[in-house]
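Letter by letter, the chains look like this.
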Amino acid sequence: MMMSEPLHFNALRGTLTRDASLARYTSWRCGGTADRLYVPADRADLAAFVGQLPAAEPLTVIGLGSNLLVRDGGVRGTVVVLHAALRQLARRDRLVYAEAGVASPKVARFAAMHDCGGAEFLAGIPGTVGGALAMNAGCHGGETWHFVARVEVLERSGRFVERTPDAYRIGYRSVRRADGSAPDGIFTAAWFAFPPGDGRAARERIKELLQRRIDTQPLNLPNAGSVFRNPDGDHAARLIESCGLKGRTIGGARVSEKHANFIVNPGGAGSAADIEALIEEVRATVRARTGIELEPEVHVIGERA
């Protein structure tokens, strides 16, 4: 199928746009266009849309775009934005049920209000539940899949299925199927088994973590969170700073002076190519001076211009 060939859908209630800019859907505020962009009205509408996509049509799913770099040449095929449609958050059978579009910090606060413990780390993850599931997001000693009781997945057929964690191979910032293959379908919800805890203490811990983010991270500038994974026994920020790279710029992109593992894009003036080039320069410099290979945590999609 030619990617320029128009697709036809029946009974959709969401918004379908051709040649849509993705810059507004990423926290770096840059990137090219999607051949097609769909914003579903709700979960049923999402299933109806996905079920009608041709099997050969490339499908990319994004949430808040907070861990994502879209290259300037854009994304072929169809991009679906989930965060506006999948926002249900509830207490069910002593589990916390959260749909994929719910922001991770909201889950942390909800769990604390229901006297659950262990969810506080989610307050430090600037993305959605769907993204956290896809990459096993974590910080401050906590990881998403440590608390997952089961997940819901939307298959390309348009059918929702539930799976338990043993269907996946979970690692550090990594989620694969149990056989090692890439995950199929779209994570649309999860049931979390957070242990009983002290709600007041959890809320205080969340306040502390959020204040730490404000104090140590460049939240006032477009960024995508931590760019690199922490290598075993060390921190990416320390290595980058030790190489004198704070403040290093390429085009409009800059290594943050406040936190060396952040690349900022003031005013959205930098291109995706600027950011990607700076990522590679940081990796090369750290490799040359320390012998350590930094692995990007940011997901890069699309084509170069």
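For the structure, see preceding data.
Report on the accompanying structure.

Assigned secondary structure in the chain consists of six helices and 18 strands. Over its C-alpha atoms the chain spans a radius of gyration of 20 Å, differing by no more than 12% from the 19 Å that the globule rule assigns to 305 residues. Its C-alpha atoms give the chain principal-axis dimensions of roughly 55 × 50 × 35 Å. Buried positions account for 50% of the 305 residues belonging to the chain. Expressed as a percentage of contacts within the chain between residues at least 6 apart in sequence, the contacts between residues at least 24 apart total 63%. The centroid of the 38 positive side-chain charges in the chain is displaced by 3 Å from the centroid of its 34 negative side-chain charges.

What follows deals with helix H4 (residues 199-216). A rise of 1.5 Å per residue sets the reference length of H4, with its 18 residues, at 26 Å; its end C-alpha atoms lie 26 Å apart and thus fit the reference within 8%. Where H4 is concerned, the buried positions are Gly199, Ala202, Ile206, Leu209 and Arg213. The arc that holds every buried residue of H4, seen down its axis, measures 80 degrees, which confines them to one face. Across from the buried face of H4, at angles greater than 90 degrees, the exposed residues are Arg200 and Lys207. Contact partners of the buried residues in H4: helix H2 (104-113). Capping the start of H4 is the job of one residue whose side-chain oxygen sits 3.0 Å from the backbone nitrogen of Arg200: Asp198.

Look at helix H6 (residues 272-290): 27 Å from first C-alpha to last across 19 residues, which is about the 27 Å you get at 1.5 Å a residue. Taken as a whole, H6 has its buried residues at Ala272, Asp274, Ile275, Glu276, Leu278, Ile279, Val282, Arg283, Thr285 and Val286. Those residues of H6 that are buried are in contact with strand E4 (68-70), helix H5 (236-242), strand E15 (249-250), strand E16 (253-255), strand E17 (263-264) and strand E18 (299-301). Just past H6, the residue Gly291 takes up positive phi, approximately 80 degrees.

With that settled, consider the sheet that holds strand E3 (residues 59-62). Backbone hydrogen bonds hold the strands of a sheet together, and the pairing may be parallel or antiparallel. As summarised here, the arrangement of the four strands in space is E1-E2-E5-E3, forming an open sheet in which the pairing is mixed. If you trace the sheet from one side to the other, it starts and ends with strand E1 (15-21) and E3, each paired once. Ignoring which end each strand starts from, the neighbouring axes of this sheet average 30 degrees apart. Across four bridges, strand E2 (residues 33-39) lies against strand E5 (residues 75-81) in parallel orientation. Across the sheet, Arg36 pairs through a bridge with Thr78, a residue of E5.

As judged from the four bridges shared by strand E12 (residues 168-171) and strand E13 (residues 174-177), these two strands associate in the antiparallel manner. When the sheet's bridge partners are listed, Tyr168 is paired in E13 with Arg177. Connecting the antiparallel pair E12 and E13 is a turn made up of two residues, with Arg173 showing a positive phi of about 55 degrees.

Here the focus is the sheet that holds E17. The three strands are arranged E15-E16-E17 in an open sheet whose pairing can be described as antiparallel. Each of the sheet's edge strands pairs with one partner strand only, and the pair in question is E15 and E17. Where E15 meets E16, two bridges bridge the pair, whose relative direction is antiparallel. Within E16, the position partnered with Ile250 by the bridge is Ala253. Across the sheet, H6 touches E15, E16 and E17, and the angle it forms with E16 is around 30 degrees.

Further remarks concern unusual backbone geometry. Positioned with a positive phi, Asp93 is a non-glycine residue whose angle comes to about 50 degrees. Within the secondary structure, Asp93 is located in the loop between strand E6 (89-92) and strand E7 (95-99). The exposed category is assigned to Asp93, whose relative accessible area is 72%. Of note, Asn136 is a non-glycine position whose phi angle comes to about 50 degrees, a positive value. Inspection of the secondary structure assignment puts Asn136 in the loop between helix H3 (129-135) and strand E8 (138-139).

Counting 36 residues, the largest nonpolar core has Val107, Val151, Phe192 and Phe194 as the members making the most contacts within it. Those elements that place two or more of their residues in this core are E7, H2, H3, strand E10 (148-154), strand E14 (186-192) and H4. Phe228, Leu239, Cys243 and Leu245 belong to the second-largest nonpolar core, a separate cluster that totals 25 residues.

Rules and cut-offs
Residues numbered from 1 in each chain as written. Predicted model: local features only at pLDDT ≥ 70, side-chain atom pairs only at ≥ 80, totals over all residues. Heavy atoms only, no water. Helix = DSSP H or I, 4+ residues; strand = E, 2+ residues; numbered from the N terminus. Rg over C-alpha atoms; globule rule 2.2 N^0.38 Å. Buried < 20%, exposed > 50% of the residue type's maximum accessible area, 1.4 Å probe, protein only. Contact = heavy atoms within 4.5 Å. Lys, Arg positive; Asp, Glu negative; His and termini not counted. Charge placed at Lys NZ, Arg CZ, Asp CG, Glu CD. Expected span 1.5 Å × (residues − 1). Arc of directions from axis to C-beta. Polar contact = N/O pair within 3.5 Å; in protein donor to acceptor, adjacent residues only side chain to side chain. Pairing = 2+ DSSP bridges. Axes fitted to C-alpha atoms, helices over the stretch in contact; angles between N-to-C directions. Core = buried A, V, L, I, M, F, W, Y, C linked by side-chain atoms within 4.5 Å.

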